[in-house]
Amino acid sequence: MTDPPAKPAAPPPPPPPPPPDAIEIVPGVRVSETSLRFRYARSSGPGGQNVNKVNTKAEVWVPVDALFGLSDRALARLQQMAGKRLTIAGEIHIASDTERTQEANRAAVLDRLRALLSQAVREPKVRRKTKPSKAAKRRRLESKKRRGEVKSNRRAGPTDW
């Protein structure tokens, strides 16, 4: 008996649409504004006496699941690039205390997140193996031979002393 013809595999379901409050972090990648979790704390960075009084350090947590528009490969690259910034709960944690104001540190945190995401979205080029041409090999060997002759001439030394 022959097996019945195999049914074609169903295409994967389309990704869920981003929520209406989603903001575009980098072109094609959106995240819900409500899923961004910010926290402010006292900073150890610049600010003089102000450092001891004002919460200028900014931290953000972004759940990786809340990012829309990332392919599976880009998501894997993002998780690999995030390294120790990826928490056990699956959130990317970025902090900044380099600026003197809370607003500037918040902007710095978002810039770092944008940089990380844009790097993860960019597909790395495939490296193709290359071989030197015959002419290049010949030139290399000729230059090595010339160099060797120069050195051997130094070694010989004068014989008429």
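Here's what I pulled together on the structure shown here.

## Some thoughts on the overall build of the chain
Scanning the chain for helices and strands turns up three helices and six strands. When the helices and strands of the chain are listed from N to C terminus, the series reads β-β-β-β-β-α-β-α-α. Residues counted as buried form 24% of the 161 residues belonging to the chain. At a minimum sequence separation of 6, the contacts of the chain that also span at least 24 residues come to 60%. Surface summary for the chain: the accessible area is close to 12600 Å², and the carbon and sulfur share equals 54%.

## Comments concerning the sheet that holds strand E3 (residues 37–41)
Across the sheet, three strands lie side by side as E3-E4-E6; this open sheet has antiparallel pairing. On the outer flanks of this sheet lie E3 and strand E6 (91–96), each paired with one strand and no other. Put simply, the sheet's adjacent strands are angled 15 degrees from each other on average, direction ignored. Inspection of the sheet shows strand E4 (residues 57–63) paired to E6 by six bridges, in the antiparallel sense. Bridge pairing in E6 places alanine 58 opposite serine 96.

## Focus: the sheet that holds strand E2 (residues 29–32)
An order of E1-E2-E5 is seen for the three strands of this open sheet, with the pairing classed as antiparallel. Every other strand in the sheet has two partners, leaving strand E1 (22–26) and strand E5 (67–68) as the edge strands with one partner each. Here E2 runs beside E5; their pairing, made up of two bridges, is antiparallel. If you follow arginine 30 over to E5, its bridge partner there is phenylalanine 68. Lying over the sheet, helix H2 (residues 102–121) contacts E1, E2 and E5, oriented at roughly 70 degrees with respect to E1.

## Observations concerning the nonpolar core
Core analysis: the largest hydrophobic core is formed by 22 residues, its most contacted members being Leu67, Leu78 and Leu117. Among the elements of the structure, E1, E2, E4, helix H1 (72–82), E6 and H2 are those that each provide at least two residues to this core. Looking at this core element by element, the count peaks at five residues for H2. The contacts of leucine 78, once residues within four sequence positions are left out, are Leu67, Leu70, Ile92, Leu116, Leu117 and Ala120.

## As for the packing of H1 against H2
Between H1 and H2, the least distance of the axes is 8 Å, while the angle of their chain directions is 135 degrees. What the angle tells us is that H1 and H2 run oblique. Both H1 and H2 take part in a crossing whose hand is right-handed. Contact residues: H1 offers Ala74, Arg77, Leu78, Met81 and Ala82, while H2 offers Leu116, Leu117, Gln119, Ala120 and Val121.

## Some words on the environment of glutamate 59
The residue glutamate 59 is located in strand E4 in this model. For the pair glutamate 59 and valine 109, spaced 50 residues apart in sequence, the C-alpha to C-alpha distance is 6.9 Å. Those residues in contact with glutamate 59, other than ones at most four positions away along the chain, are Arg37, Phe38, Arg39, His93, Ile94 and Ala95. At 2.9 Å, the side chain of glutamate 59 forms a polar contact with the side chain of arginine 39. A distance of 2.9 Å separates polar atoms of two side chains, one belonging to glutamate 59 and the other to histidine 93.

What counts, and where the lines are drawn
- Residues numbered from 1 in each chain as written.
- Predicted model: local features only at pLDDT ≥ 70, side-chain atom pairs only at ≥ 80, totals over all residues.
- Heavy atoms only, no water.
- Helix = DSSP H or I, 4+ residues; strand = E, 2+ residues; numbered from the N terminus.
- Buried < 20%, exposed > 50% of the residue type's maximum accessible area, 1.4 Å probe, protein only.
- Contact = heavy atoms within 4.5 Å.
- Areas by Shrake-Rupley, 256 points an atom, 1.4 Å probe, with all protein chains shown as cover.
- Pairing = 2+ DSSP bridges.
- Axes fitted to C-alpha atoms, helices over the stretch in contact; angles between N-to-C directions.
- Core = buried A, V, L, I, M, F, W, Y, C linked by side-chain atoms within 4.5 Å.
- Parallel < 35°, antiparallel > 145°, perpendicular 65-115°, else oblique.
- Left-handed = near helix turned anticlockwise from the far one by under 90°.
- Polar contact = N/O pair within 3.5 Å; in protein donor to acceptor, adjacent residues only side chain to side chain.

Geometric values such as these leave the question of function open.
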